Each structure stands twice: as structure tokens, then as C-alpha cells.
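Overview (structure and organization)
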Amino acid sequence: MNHKISLTLMSEMKKVVRELLDLSIDIKKRNTEVIPNSGYVAPTEFSRFFEGLGIYDFGSPHSVDVFCSQLDIPPHQREIILMYTQAIHDLAIDLGRMLAKSVGLASDLFKGWSCHLRINKYNFTPQTVGSTALRMHTDSGFLTILQDDENVSGLEFVDKSGAFVSIDPWPGTLLVNLGNIAKVWSNGRFCNVKHRVQCKEASIRVSIASFFLGPKEVEVEAPPELVDSENPRQFVPFTYEDYRKLRLSINLHAGEALQFVRTHP
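So, here's what we can say about the structure. Position numbers for residues start from 1 in each chain and track the written sequence from start to end. It should be noted that, the model being predicted, local features are given only for residues of pLDDT at least 70 and side-chain atom pairs only at 80 or more, the latter also being counted only at that level, while totals for whole chains, interfaces and linings use all residues. Only hydrogens and water are removed before side-chain values are computed, so all heavy atoms of the structure are retained for them.

**As for the overall build of the protein**
Just so we agree on the cut-off: Counting from the N terminus, the helices are DSSP H or I runs at least four residues long and the strands are E runs at least two residues long. Buried, partly exposed and exposed residues are distinguished by accessible area as a fraction of the type maximum, computed with a 1.4 Å probe on protein chains only: under 20%, between the cut-offs, and over 50%, respectively. Residue contacts are counted whenever heavy atoms from the two residues lie within 4.5 Å of one another. The protein chains shown are the only cover counted for residues, whose accessible areas, like all others here, come from Shrake-Rupley with a 1.4 Å probe. Charge counting follows a simple rule: Lys and Arg are positive, Asp and Glu are negative, and His as well as the terminal groups are ignored. Charged groups are reduced to one reference atom each: NZ for lysine, CZ for arginine, CG for aspartic acid, CD for glutamic acid.
Check the secondary structure of the protein and you find 6 helices and 9 strands. Counting only C-alpha atoms, the protein reaches 55 × 40 × 35 Å along its principal axes. Out of the 265 residues in the protein, the part that is buried amounts to 50%. Intrachain contacts of the protein at a sequence separation of at least 6 include 75% that bridge at least 24 residues. Summed over all atoms, the accessible surface of the protein reaches about 13,000 Å², with 54% contributed by carbon and sulfur. Charge centroids of the protein, computed over 28 positive and 31 negative side chains, lie 3 Å from each other.

**Quick notes on the environment of Lys194**
For Lys194, the location among the structural elements is in the loop between helix 5 (180-185) and strand 8 (195-198). Using a relative accessible area of 35% as the deciding quantity, one classes Lys194 as partly exposed. Setting aside its immediate chain neighbours within four residues, Lys194 contacts Met136, His137, Thr138, Glu156, Phe157, Val158 and Ala254.

**Quick look at the packing of aromatic side chains**
Each aromatic ring pair is summarised here by two numbers: the centre-to-centre distance and the angle between the ring planes. Definition in use: Pairing of aromatic rings covers Phe, Tyr and Trp, the last counted by its six-membered ring, and requires centre-to-centre distances within 6.5 Å; plane angles under 30 degrees mean stacked, over 60 mean edge-to-face, and any other angle means tilted. Only when the NZ of Lys or the CZ of Arg is both within 6 Å of the ring centre and within 35 degrees of the ring normal is a charge said to sit over the ring.
Using the criterion set out here, one finds 11 aromatic pairs in the structure. A network of ring pairs unites the aromatic residues Phe58, Phe110, Trp113, Phe142, Trp185, Phe190 and Phe212 as a single cluster. Positioned above the aromatic ring of Phe164 is the side chain of Arg196, whose terminal nitrogen or guanidinium carbon lies 3.5 Å from the ring centre.

**Things to note about the sheet that holds strand 5 (residues 155-158)**
The test is simple: Strands qualify as paired when DSSP identifies two bridges or more between them. All axes are obtained by fitting lines to C-alpha atoms, using only the stretch in contact for helices, and the reported angles, taken between N-to-C directions, cover 0 to 180 degrees.
Strand order across the open sheet formed by 4 strands is 3-8-5-6, with antiparallel pairing between neighbours. Pairing within the sheet leaves two strands with one partner each, and these edge strands are strand 3 (132-137) and strand 6 (164-166). Going across the sheet, the axis of each strand differs from the next one's by a mean of 25°, ignoring polarity. As judged from the 3 bridges shared by strand 5 and strand 8, these two strands associate in the antiparallel manner.

**Some remarks on the layout of surface pockets**
Quick note on the threshold: Here a cavity means grid points, on a 1 Å grid over the protein atoms only, where a 1.4 Å probe fits yet cannot get out; a pocket means an open set of points with protein on both sides within 12 Å along at least five of seven lines; lining residues are those with an atom within 4 Å of a point. Grid points are joined across faces, edges and corners, and a volume is the space filled by probe spheres set on the points. The nonpolar class holds Ala, Val, Leu, Ile, Met, Phe, Trp, Tyr, Cys and Pro. Asp, Glu, Lys and Arg form the charged class, and all remaining residues, Gly among them, are polar.
For the largest pocket, the calculated volume is near 1,300 Å³. Elements represented by at least two residues in the lining of the largest pocket include exactly strand 2 (113-123), strand 3, strand 4 (143-147), strand 5, strand 8, strand 9 (204-215) and helix 6 (240-250). Here the residues of the lining of the largest pocket sort into 19 nonpolar, 18 polar and 7 charged. Within this model, the second largest pocket holds a volume of roughly 330 Å³. Considering the residues around the second largest pocket, the lining is formed by 19 residues, among which Asp148, Trp170, Pro171, Gly172 and Thr173 are closest to the centre.

**A word on the pairing of strand 9**
Each regular strand carries side chains that alternate between the two faces of the sheet. Judged by how many residues are buried, strand 9 sits mostly within the fold: 11 of 12 residues are covered. Here 11 bridges tie strand 2 to strand 9, and the two strands are oriented antiparallel to one another. Counted as the bridge partner of Asn120 is Ser207 from strand 9. Relative to strand 9, strand 4 runs antiparallel, the two sharing 5 bridges. Across the sheet, residue Ile145 finds its bridge partner in strand 9, namely Ser210.

**Considering the sheet that holds strand 7 (residues 175-178)**
Within the open sheet, the 5 strands sit side by side as 1-2-9-4-7. Their pairing is antiparallel. Two strands bound the open sheet, and with one partner strand each, they are strand 1 (50-56) and strand 7. Neighbour to neighbour, the strand axes of the sheet diverge by 20° on average, direction disregarded. Each of strand 1 and strand 2 touches helix 3 (residues 61-70); the most contacted strand, strand 1, lies at about 140° to it.

**Concerning the side chain of Ser63**
With respect to the helices, strands and loops of the structure, Ser63 is situated in helix 3. Not counting the four nearest positions on each side in its chain, Ser63 is found in contact with Ile55, Tyr56 and Asp57.

**Overview of the packing of helix 3 against helix 4 (residues 75-102)**
Between two packed helices, the angle of one axis relative to the other and the distance separating the axes together describe the packing. We count it as follows: Put simply, a crossing is left-handed when the front helix is turned counterclockwise from the back one by less than a right angle, and right-handed when it is turned clockwise.
It is the contact of helix 3 with helix 4, at a shortest axis distance of 10 Å, that shows an interaxial angle of 145°. Relative to helix 4, the crossing made by helix 3 is right-handed. Of the residues in helix 4, those in contact with Pro61, Val64, Asp65, Phe67, Cys68 and Ser69 of helix 3 are Arg78, Ile81, Leu82, Thr85 and Gln86.

**Observations regarding the pattern of salt bridges**
Spelled out, the test is: Basic side-chain nitrogens of Lys or Arg form a salt bridge, by our definition, when they fall within 4 Å of a carboxyl oxygen of Asp or Glu.
Inspection of the entire model under this criterion finds 17 salt bridges. Put simply, Asp94 and Arg97 hold a salt bridge, and the shortest N to O gap is 2.9 Å. With Asp94 and Arg97 both in helix 4 and 3 residues apart, the pair spans about one turn of that helix. Arg97 gets classed as partly exposed once you look at its relative accessible area, which sits at 36%. The closest approach of N and O atoms between Arg205 and Asp148, which form a salt bridge, is 2.6 Å. You can see Arg205 sitting in strand 9 and its partner Asp148 sitting in the loop between strand 4 and strand 5, a full 57 residues away along the chain. With a relative accessible area of 1%, Arg205 lands in the buried category. For Asp148, a relative accessible area of 16% puts it in the buried group. Linked through salt bridges whose partners overlap, the residues forming this network are Lys4, Asp94, Arg97, Asp108 and Lys111.

Structure follows, in C-alpha cells:
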């Protein structure tokens, strides 16, 4: 709550998103990948009711412009997308400073990092009610900022007891959760949160997820200030790209891949 992104901009962005996801399949397929799964994701036999669009490196106005050109997005919608992505990026930089300060560091986290905006649509039907729309997972990157559907619920997080807890829609708010890179960077101080999406009603559910993944070329590792005799280094240094490839290769998505980069597996 109390973020700096106007409710009007959030509402306008959600309207644009719904219109983009209603475009024809042929147009949406123009949203090509920069890295695997960064472009258009079509429904499959394993996830028949999910599809999405993506903007990789959305902190760059050029990347946003390329996305808009791919889909022939008109000027007014382009302006809204650019304003929204810039606002989310600024918010993430602020959150990064706060997270660093919380562990005693002064750092502009996320500056120059890889980031990925994902526009999601779930076409829930009466036949899908009660099923899992997005399996339990942890986000691979550091931090996710989610503008969830303001009307249709479905997001669930795993609490400390291992139970799923439903996150009800709350208009005007943004949901922030931490992923696997946050756990590595903080040397285990931050928690990578397991979550999933359930189909709870026969309706269309739309969300906008902004992922801040990791440094583009520099290795991910805990700063020296977070490592001492009482808190030995838990993970070896690695690049986000190498970790992403590892996670995809073993097809385990709920944080299990971190065991392969521990200092003592």
C-alpha cells in the first residue's frame, strides 16, 4: 500500500492488458522471445487455460517500444505501457534500497539488472474450477511486483506450517514477494516464497507480474558484510543465466535447484 503508482495508471494499464490479450493468436505470436519463455506463451495441453505476453528488459524504453511495434500497439496504449513500466521500475529500485538497508547495507539493488514484465490471462471455465492453474513454484529471480486481478482470486502462498493461504484481491495494492536469488544474495536471511494459482471460479483472471531477476553479467553472491563465522556463505557464486538454465534442465520449480549451488550440498 501507499506506493507512488497512481490508481488511474494501474487501471489504465489493466485495461490495455485485457485488450492486448484479446488480440488474435497470429498477432500475439509476434511477441517473440529474447530468452526462453520471455515472449508469448500459448495455451498447451498441460495448461489449456493460461496464456501470456512478455516484455524482457522492460526498464529500457527501447525494449518497450520493440514490444509495442511487434503487436502494432497504438500511440495512446504505448504511452500507458511506457509510463507503467517506468513507474514499476522506479518502485523496484526504491524497494531494493529498503531491502539492502534492512540488512545494514547501502546499495541500489536492481539498477542495471535483468527484468521481465509478464502479462497473464487465465480463461477459467466451470470445468476447470477446483484445478491448479499454475503449479506450486518459487520465482527464480530476486523480487516480484504483482498487480493482481482486482476481482478474481486464485493466488495462494505456502505459510510456515506448509499450508496454502489464499491471497484475496485488494484493489489499488501491489503484492511483493521474494524469489530464489533473494535467498542467495541475503545468505539465507530472505525467504523464497512458494506459491501457486488455483481456479476458484469460472471467470477470466488477469494479472501483471514484474520480475527483477538478477545482474545481467555479474555473478550473484552474498555481500561480504552478510558472511561471517556465525553466518558462513551458503551458496557459491553463479550467474542468473546459469541458474535459470539449471532450473529449466532439471524441471524443478519450487526452489529445489538451489541445492545444486550450495557450498555444502
